[in-house]
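Take a look at the letters that make up each chain.
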Amino acid sequence: MSRDFYYLIKLEYEKRQKDAADRLESRKKELYSKIPRLEEIDNEINLSGIKYSRLILQGNSQDVDAVKKVQEIIDGLKEEKNSLLLSHGYPEDYLEPVYKCPQCRDTGYIESENRIEKCHCYKQLLIEFLYKESGLGPVERGNFSQFDESFFSDEVNVEKYGINISPRENILLIKEKCMEFIENFHKPEQKNLFFSGPAGVGKTYMANCIAEELINRGITVLYMTSPKLFSTINEYKARALKEEEYDDLSYRNIFESELLIIDDLGTEPMSAARYAEFLSLLNARLSRDMSSPCKTIISTNFGIKELYEYYDERVASRIIGAFEIYRFAGDDIRRLKKLGAK
Ligand SMILES: Nc1ncnc2c1ncn2[C@@H]1O[C@H](COP(=O)(O)OP(=O)(O)O)[C@@H](O)[C@H]1O
Ligand SMILES: [Mg+2]
Ligand SMILES: [Zn+2]
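Residues numbered from 1 in each chain as written. Chains lettered and ligands numbered in written order. Predicted model: local features only at pLDDT ≥ 70, side-chain atom pairs only at ≥ 80, totals over all residues.

Undergrad: Explain the sheet that holds strand β5 (residues 259-265) here, please?
TA: Where strands meet in a sheet, backbone hydrogen bonds hold them as pairs that are either parallel or antiparallel. Reading across the sheet, the five strands line up as β4-β5-β6-β3-β7 and stay open at both edges, with parallel pairing between neighbours. For this open sheet the edge positions go to β4 (221-225) and β7 (323-327), each flanked by a neighbour on one side alone. On average, each strand axis in the sheet is inclined to that of its neighbour by 15°, with strand direction left out of account. Direction of pairing for β5 relative to strand β6 (residues 295-300): parallel, over a ladder of five bridges. Bridge pairing in β6 links Leu-265 to Thr-300. (Pairing = 2+ DSSP bridges. Helix = DSSP H or I, 4+ residues; strand = E, 2+ residues; numbered from the N terminus. Axes fitted to C-alpha atoms, helices over the stretch in contact; angles between N-to-C directions.)

Structure follows, in structure tokens:
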């Protein structure tokens, strides 16, 4: 995935540079027709510039005066140009390229003391790309800074909630574990996360909080609902059979994104063949994780027992072995919101 990102970012910078050049060109055209003397000045500046470089390259000491003279001519032309611009109501820098980011002149890189560094705009662009490619819509974005545990009851009620602590205590414990997951994201010994629980208790929200935080740390994230995941895999397989060179970025990202979120596992149409597919996906990601981060979060209404029933033994035991299992509990927050309780 990362290779594609860097390529896309490079293209974006090339586009920005071209935009700046195009903008400058159209400004020039506009001004040259309004103030013809400007075009003459620019031509003279160019010619003098060439002369100047030639003199410098020749490096003859008796040319010192000549160099000085050419420099004076250029300065004079620039002055004339500036006052022409000003007298016609244009700022002095109107014929300078306008970059989106003046610091790096839309190259993405800054030279500081013989070191080349990525510009601040590069990091921002990377994050924008990570979001765009993640499949997370703006609505789905959870955010730890807006995390609201007051949606979760502080009542201990084993019968109602199925756990022996209050939903609030439970969600705060899970949240803490999710923070650890983020901190240990690069470690192979950090397990994946499996969120289980009824509808509306914040599983997707939690997964998206994690996604947001990791994207801001430059991690590649792919969010997919389970039906979408399986249909993407199926479509890819079908086309790859027919077209030898067939490549699909979102298929590849299922395997290569550093974090994969599979939301609503179990809502995909049933098919035995798919479970073999699912198992090989899990295995591929697990073995990749040994060398570079490749973590997975699964959210589902299923409990462990249903995993065995709906999938097969191998899938269920793979999940139990490689995932930390968290049971979400509480009232349906969507319902609470509708009722206007909050
Ligand atoms: N911790 C939270 N803080 C604020 N809002 C939340 C939180 N958890 C869930 N919600 C909101 O509750 C609703 C249901 O949450 P969601 O994550 O979609 O549940 P689930 O995936 O378990 O069905 C959503 O509107 C979501 O924005
Ligand atoms: Mg959900
Ligand atoms: Zn920049």
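Undergrad: Could you clarify how one ought to interpret the site of ligand 1 in this entry?
TA: Neighbouring residues of ligand 1: 14 residues in total, closest Gly-202, Lys-203, Thr-204, Tyr-205 and Ile-333. Residue assignment for the shell around ligand 1 shows that the elements contributing at least two residues are α7 (203-216) and α13 (333-339). The element that contributes the greatest number of residues to the shell around ligand 1 is α7, accounting for three residues. Looking at the shell around ligand 1 residue by residue, the class counts come to seven nonpolar, four polar and three charged. (Near = placed C-beta within 6 Å. Nonpolar A, V, L, I, M, F, W, Y, C, P; charged D, E, K, R; others polar.)

Undergrad: Honestly, the nonpolar core in this entry has me stumped. Any pointers?
TA: Across soluble globular proteins, nonpolar side chains have a tendency to be buried as a group. Ranked by internal contacts, the top residues of the largest apolar core, which has 47 residues, are Phe-195, Ile-210, Ala-211, Val-221 and Ile-261. Secondary structure elements with two or more residues in this core: α4 (120-134), α6 (167-183), β3 (192-196), α7, β4, α8 (226-242), β5 and β6. Take this core: its biggest share by element is eight residues, from α7. (Core = buried A, V, L, I, M, F, W, Y, C linked by C-beta atoms within 7 Å. Buried ≥ 20, exposed ≤ 12 C-beta atoms within 10 Å, placed from the backbone.)

Undergrad: Help me understand unusual backbone geometry in this model?
TA: Peptide bonds are trans in most cases, and residues, glycine excluded, mostly fall at negative phi. Of note, Asp-106 is a non-glycine position whose phi angle comes to about 55°, a positive value. Relative to the helices and strands, Asp-106 is located in the loop between α3 (64-87) and β1 (109-112).

Undergrad: Even after reading the chapter, I still don't get α6, so can you show me in this structure?
TA: For the α-helix, the turn length of 3.6 residues means that residues three or four positions removed from each other point alike. The terminal C-alpha atoms of α6 lie 24 Å apart, and with 17 residues this matches the ideal 24 Å at 1.5 Å per residue to within 8%. Turning to α6, its buried residues number three or more, namely Pro-167, Asn-170, Ile-171, Ile-174, Cys-178 and Phe-181. The buried residues of α6 occupy an angular sector of 90° when projected down its axis, which confines them to one face. Summarising the geometry of α6, the exposed residues directed more than 90 degrees from the buried face are Leu-173, Glu-176, Glu-180 and Glu-183. Tucked inside the fold, the buried residues of α6 contact α5 (158-161), β3, α7 and β7. (Expected span 1.5 Å × (residues − 1). Arc of directions from axis to C-beta. Contact = placed C-beta atoms within 7 Å.)

Undergrad: Sorry if this is basic, but what is going on with the packing of α6 against α7 here?
TA: A packed helix pair is summarised by two numbers, namely the angle formed by the two axes and the spacing between the axes. Packing of α6 against α7 leaves a shortest axis separation of 11 Å and a crossing angle of 30°. Between α6 and α7, the interaxial angle falls into the category roughly parallel. Both α6 and α7 take part in a crossing whose hand is right-handed. Only Met-206, Ile-210, Glu-213 and Leu-214 of α7 make contact with α6, whose side of the interface consists of Ile-174, Cys-178, Phe-181 and Ile-182. For the contact of α6 with α7, the per-class residue count stands at seven nonpolar, no polar and one charged. (Parallel < 35°, antiparallel > 145°, perpendicular 65-115°, else oblique. Left-handed = near helix turned anticlockwise from the far one by under 90°.)

Undergrad: Can you help me understand the packing of α4 against α7 in this one?
TA: Between α4 and α7, the least distance of the axes is 9 Å, while the angle of their chain directions is 145°. Contacts from Ile-127, Leu-130, Tyr-131 and Ser-134 in α4 reach Ala-211, Ile-215 and Asn-216 in α7. Looking at side-chain class alone, the contact of α4 with α7 contains five nonpolar, two polar and no charged residues.

Undergrad: Mind showing me how you'd approach the pairing of β5 here?
TA: For a regular strand, the rule is simple: side chains alternate between the two faces of the sheet. Most of β5 is tucked away: seven of the seven residues are buried. For β4 and β5, the ladder comprises five bridges, and the chain directions are parallel. Across the sheet, the residue bridging to Thr-225 is Asp-263, located in β5.

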